[in-house]
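Residue-level structural notes
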Amino acid sequence: MGTHPGRTTDEWAGIISEAYAAKTRPPLTRQLVKEVRQVIAEALREAEAANSPDSEWCERVNLVLDRSEMSLHAAVGPRLAAIDDAAGTAVMMHRSEAGRPLRAFGGQ
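We now turn to the structure provided with this report. Here the structure is a predicted model, which means the values were calculated and not measured.

1. Remarks on the nonpolar core
Ranked by internal contacts, the top residues of the largest apolar core, which has 23 residues, are Ile-16, Leu-28, Ile-40, Leu-44, Val-61 and Leu-80. Sorting the residues of this core by element identifies α1 (9-22), α2 (30-49), α3 (54-72), β1 (79-84) and β2 (89-93) as the ones contributing at least two each. Broken down by element, this core gets its largest block of residues, seven residues, from α2. Beyond its immediate chain neighbours, meaning those up to four positions away, Leu-28 contacts Tyr-20, Ala-21, Val-33, Val-36, Leu-72 and Ala-75.

What follows is the structure, given as structure tokens:
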């Protein structure tokens, strides 16, 4: 059984990608959300296969979010801080510099 037995990695990928998209600016298209969901699902399957702890699930997801944003050259969104099994939610946290959230199109 995996680290998060209540849901499959595909279900978690959907939960995380929707939580990410809800706070990403500029807003993502449905197609981009689908693409993000696919790369998150792959990262989670790898984490589950390696029997990784929660912190590594977050690290793997955040790395693919970093890569996705770099390829878009414009979107800035939150990062996965934790997975709440009981509530079935992804806890997202905005990255910041100098105490202010990062912004798309040129940073601070």
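Let us keep going from here.
2. Quick look at the packing of α2 against α3
Where α2 meets α3, the axes come as close as 9 Å, and the angle between the chain directions of the two elements is 150°. The orientation of α2 relative to α3 falls into the category roughly antiparallel. Note on packing geometry: the crossing formed by α2 with α3 is right-handed. Residues Leu-32, Val-36, Val-39, Ile-40, Ala-43, Leu-44, Glu-46, Ala-47 and Glu-48 of α2 form the contact with α3, whose participating residues are Trp-57, Arg-60, Val-61, Val-64, Leu-65, Ser-68 and Leu-72. Across the contact of α2 with α3, the residue classes break down as 12 nonpolar, one polar and three charged.

3. Some details on the pattern of salt bridges
If the charged atoms of two oppositely charged side chains come close together, the side chains can form a pair. Overall, the coordinates contain six salt bridges when judged by the stated rule. As a salt-bridge pair, Arg-60 and Glu-46 come within 3.7 Å of each other at their nearest N and O atoms. With a gap of 14 residues between them, Arg-60 in helix α3 and Glu-46 in helix α2 connect regions that are remote in the sequence. A salt bridge links Glu-69 to Arg-79; its shortest N-O distance comes to 2.8 Å. You can see Glu-69 sitting in helix α3 and its partner Arg-79 sitting in strand β1, a full 10 residues away along the chain. In this pair, the class of Glu-69 matches that of Arg-79, namely buried. Through salt bridges with shared partners, a single ionic network connects Glu-46, Glu-56 and Arg-60.

Cut-offs used in this document
Throughout this description, residue numbers start from 1 for each chain and increase along the sequence as written. Confidence filtering applies because this is a predicted model: local features only for residues at pLDDT of at least 70, side-chain atom pairs given and counted only at 80 or more, and all residues used for totals across whole chains, interfaces and linings. Values reported for side chains reflect all heavy atoms of the structure, with hydrogen atoms and water molecules removed beforehand. The definition of a nonpolar core used throughout is a set of buried Ala, Val, Leu, Ile, Met, Phe, Trp, Tyr and Cys residues joined through side-chain atoms within 4.5 Å. Throughout, exposure labels follow a simple rule: accessible area from a 1.4 Å probe, protein chains only, divided by the maximum for the residue type, with under 20% read as buried, over 50% as exposed, and the rest as partly exposed. Each helix corresponds to a stretch of at least 4 residues labelled H or I by DSSP, and each strand to a stretch of at least 2 residues labelled E; elements are numbered beginning at the N terminus. When checking whether two residues touch, look at their non-hydrogen atoms; a contact exists if any pair is within 4.5 Å. Each axis is a line fitted through C-alpha atoms, taken for helices only over the stretch in contact, and angles between the N-to-C directions span 0 to 180 degrees. For classification purposes, angles smaller than 35 degrees are called roughly parallel, those larger than 145 roughly antiparallel, those between 65 and 115 roughly perpendicular, and all remaining angles oblique. Should the near helix be turned anticlockwise from the far one by less than a right angle, the crossing is termed left-handed; should it be turned clockwise, right-handed. Put simply, Ala, Val, Leu, Ile, Met, Phe, Trp, Tyr, Cys and Pro go in the nonpolar bin, Asp, Glu, Lys and Arg in the charged bin, and everything else, Gly too, in the polar bin. What makes a salt bridge here is a side-chain nitrogen of Lys or Arg within 4 Å of a carboxyl oxygen of Asp or Glu, nothing more.

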